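Architecture and fold: a report
Here are the chains, one letter per residue:
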Amino acid sequence: MAIHPPVTRIWWREPVAKMEIFWIAIAFAWGLVMFSTMVAWHIWGEQNLANEAYRVNPEAYVARVEAMADKYKVREEGDSGVPVVHPPPGSDVYLLARLWQWWPVLELEKGKSYRLHLSSADWQHGFSLVPTNINIQVHPGYEMVVTMRPSESGTFGIICNEFCGIGHHTMAGKIHVVDR
Ligand code: CUA
């Protein structure tokens with residue numbers, strides 16, 4: 001009964017059975033193997049993006065996106081007149097997530113490299129580039145910077161992959177990649 005003290009006071013100083021040590025060793029070694037696969041998939045499997053992350057003030061970020069859009073806007077698209085922005089190759093390009101859109105539409109050149117900045121003006125969103133296997137969490141207050149070089153031309157869809165309220169399913173955007 002638990003109200004009585006244990007019969008053997010020093011119950012933890014039992015010798016551990018050989019078999020148990022053996023299994024602990026296997027579990028530990030397997031843990032190391034699993035851990036090293038994370039590193040290996042990052043280096044050779046190209047599974048995770050090598051991104052940079054910085055703290056940013058959401059309003060300051062919105063201002064930077066708007067400044068880029070004003071400067072490099074080439075046309076408008078769709079019923080809502082979303083600006084299509086064609087920034088110079090090699091430059092920093094900004095994409096803003098907010099309830100419930102990806103803004104603006106970026107037009108990039110194939111084979112050129114860009115530093116793509118991603119952040120949110122309000123809630124947490126998920127940047128998912130269709131049909132590639134790229135998926136990035138987008139938080140207000142943090143900006144992710146991904147260096148990328150589009151290798152295929154065409155129009156790529158962006159969908160929000162993080163539930164962000166009633167308009168979540170409508171939160172879709174676009175990146176055009178053109179051949180120059
Ligand atoms: Cu933004 Cu879901």
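Calculation notes
Residues numbered from 1 in each chain as written. Predicted model: local features only at pLDDT ≥ 70, side-chain atom pairs only at ≥ 80, totals over all residues. Heavy atoms only, no water. Phe/Tyr/Trp six-rings, centres within 6.5 Å; stacked < 30°, edge-to-face > 60°. Helix = DSSP H or I, 4+ residues; strand = E, 2+ residues; numbered from the N terminus. Buried < 20%, exposed > 50% of the residue type's maximum accessible area, 1.4 Å probe, protein only. Lys NZ or Arg CZ within 6 Å of the ring centre and 35° of its normal. Domains from an automatic or database assignment.

Turning our eyes to something else, we now look at the packing of aromatic side chains. For the structure on display, the rule yields three aromatic pairs. Taking the centre distance of 6.0 Å and the plane angle of 65 degrees together, the rings of Tyr 61 and Tyr 94 count as edge-to-face. Residue Tyr 61 is located in helix 2 (residues 58-72), and its partner Tyr 94 is located in strand 4 (residues 92-98); the two are separated by 33 residues in the primary sequence. Seen in terms of ring centroids, Trp 102 and Phe 127 are 5.8 Å apart; in terms of plane orientation they differ by 80 degrees. Their pairing is edge-to-face. Residue Trp 102 is located in strand 5 (residues 101-103), and its partner Phe 127 is located in strand 8 (residues 125-130); the two are separated by 25 residues in the primary sequence. Under the relative-accessibility criterion, Trp 102 is labelled buried at 3%. Its relative accessible area of 2% is what places Phe 127 among the buried residues. Taking the ring centre of Trp 103 as reference, the NZ or CZ of Arg 98 above it sits at 5.2 Å.

What follows covers the environment of Ile 166. Considering the arrangement of structural elements, one finds Ile 166 in the loop between strand 11 (154-160) and strand 12 (172-178). Judged by relative accessible area, Ile 166 falls into the exposed class, the value being 74%. Taking the C-alpha atoms as reference, Ile 166 lies 28 Å from Val 145; in sequence the two are 21 residues apart.

Looking now at the domain arrangement of the chain. By the assigned domains, the chain splits into domain 1 (11-44) and domain 2 (51-178). On a C-alpha basis, the centres of domain 1 and domain 2 stand 42 Å from each other.

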